[in-house]
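# Observations on the model geometry
One letter stands for each residue in the lines below.
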Amino acid sequence: MNILVTGGTGYIGSHTCVELLNSNYNVIVIDNLSNSKIDVVDKIKKITNKDFKFYEGDCCNKEFLNKVFTENQIDAVIHFAGFKAVGESVLKPLKYYRNNLDSTISLLEVMNSFNVKKLVFSSSATVYGKPESLPIKENFPLSTTNPYGSTKLMIEDILRDLHKSDNDWSIAILRYFNPIGAHKSGLIGENPNDIPNNLMPYIVKVATGQLDELSIFGNDYDTVDGTGVRDYIHVVDLAKGHIKAIEKVLKENTIDSYNLGTGNGYSVLELVKTFIKVNNVDVKYKITKRRPGDIDACYADPSYAKEKLNWEASLTIDEMCRDAYNYVKKNK
Ligand code: NAD
Ligand code: UD1
């Protein structure tokens, strides 16, 4: 089976390519390298000892997509390509609506014209807005609090409409919780160039001395120790969820959404303390005021993915902390 992976040199895409290749799928990768580096291609080949085709190009460009579909016999697509920074999406909404919606609609049109109707889409727990209760189930009401989240929800709606119009489409919508960690080789992972917005990349940069101190955004939430609680999931577990989703869309013509999380919530302080213990390294932190838009707690009920996809996360919070640090130490 030949799987086209858009955004395949990015953080989650690269780990998913490794799992696909290890499961004997052929992989064709597209990325415009707007948020990743070309050397990831060789790193994926090194980890798996397998070869694959890489196309540098933009998913908003239908001519380019037509060329990729003409040159390859594609069975299914995993669509990761998109922008993902929540804060930037508030400042530059058009950039987000243009790229995330245009890339998806262009891809769907080209898939349709080549009669390739099997898709796995990267959505996010952000589509649950501020959930009224926890843990979060797939049938909870959907809403968004920022333009990035709105692009994800709009794309989900487009996919549901598309399936309604043509039942030949087979689509798995994966709602990720908080992916962290890296491949244990230390060859691929997440290490943003700019000052990170997300917690784990920030912790790692403090641990490696690239930043002075972590600000913990608030300790007066209604949680175990007052700091925000999230469902952190090892990126390798998340990547494995995509293999199960691909098996599902190849087998059945349905559309369905699945939470990919562990079901466990950890507070900011718990994560920081675990990181310090596991890696035997200091992480300086201070408590500051809340970050606007943040919620007390967010964690998944992952039982539907277990039931329908036969998938569940298995790597621990210790492994997430160890692998995240290992990657950045090797790639400072
Ligand atoms: P990433 O930025 O590391 O990877 C996305 C990749 O897509 C990058 O390599 C980028 O260069 C590429 N890209 C962007 N726009 C493109 C375009 N128009 N054409 C071709 N390539 C393009 O992000 P990630 O963390 O790997 O996330 C992958 C997907 O998962 C995204 O859709 C993101 O919104 C979603 N997601 C991520 C998280 C998370 O915490 N990382 C959480 C929920 C959902
Ligand atoms: C954010 C996004 C979400 C996206 C997810 C994964 C927002 C509002 N939401 O979620 O849409 O799907 O990333 O990419 O941005 N924290 C600190 N100090 C820091 C950074 C974070 O204390 O320097 C705290 C936050 O307040 C939160 C927790 O750490 O309680 C996790 O934050 P983060 O990693 O940014 O993820 P989310 O806010 O859950």
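Report follows, based on the coordinates. (Residues numbered from 1 in each chain as written. Chains lettered and ligands numbered in written order. Predicted model: local features only at pLDDT ≥ 70, side-chain atom pairs only at ≥ 80, totals over all residues. Heavy atoms only, no water.)

## So, the site of ligand 1
- Surveying the vicinity of ligand 1 reveals 26 residues, the closest of which are Asp 31, Asn 35, Ser 36, Lys 84 and Tyr 148.
- For ligand 1, an oxygen atom lies 2.9 Å from a polar atom in the backbone of Tyr 11.
- Note that an oxygen atom of ligand 1 is positioned 2.8 Å from one of the side-chain N or O atoms of Lys 152.
- About the coverage of ligand 1: the protein hides 95% of its 820 Å² of free accessible area. (Near = heavy atom within 4 Å. Polar contact = N/O pair within 3.5 Å; in protein donor to acceptor, adjacent residues only side chain to side chain. Areas by Shrake-Rupley, 256 points an atom, 1.4 Å probe, with all protein chains shown as cover.)

## Things to note about the site of ligand 2
- Near ligand 2 there are 18 residues, and of these Leu 199, Ser 215, Arg 230, Arg 291 and Asp 294 occur at the shortest range.
- A distance of 3.0 Å is found between an oxygen atom of ligand 2 and a side-chain nitrogen or oxygen belonging to Asn 178.
- Residue Arg 291 places a side-chain N or O atom 2.8 Å away from an oxygen atom belonging to ligand 2.
- In isolation ligand 2 exposes 740 Å². Once the protein is present, 85% of that is buried.
- Broken down by class, the residue content of the shell around ligand 2 amounts to eight nonpolar, seven polar and three charged. (Nonpolar A, V, L, I, M, F, W, Y, C, P; charged D, E, K, R; others polar.)

## Structural notes on the packing of helix α9 (residues 268-279) against helix α11 (residues 317-330)
- With their axes 9 Å apart at the nearest point, α9 and α11 run at an angle of 65° to one another. Judged on the interaxial angle alone, α11 and α9 are roughly perpendicular. Every pair of crossing elements has a handedness; the one defined by α9 and α11 is right-handed. Of the residues in α11, those touching α9 at Leu 271, Thr 274, Phe 275, Lys 277, Val 278 and Asn 279 are Ile 317, Asp 318, Cys 321, Arg 322 and Tyr 325. (Axes fitted to C-alpha atoms, helices over the stretch in contact; angles between N-to-C directions. Helix = DSSP H or I, 4+ residues; strand = E, 2+ residues; numbered from the N terminus. Parallel < 35°, antiparallel > 145°, perpendicular 65-115°, else oblique. Left-handed = near helix turned anticlockwise from the far one by under 90°. Contact = heavy atoms within 4.5 Å.)

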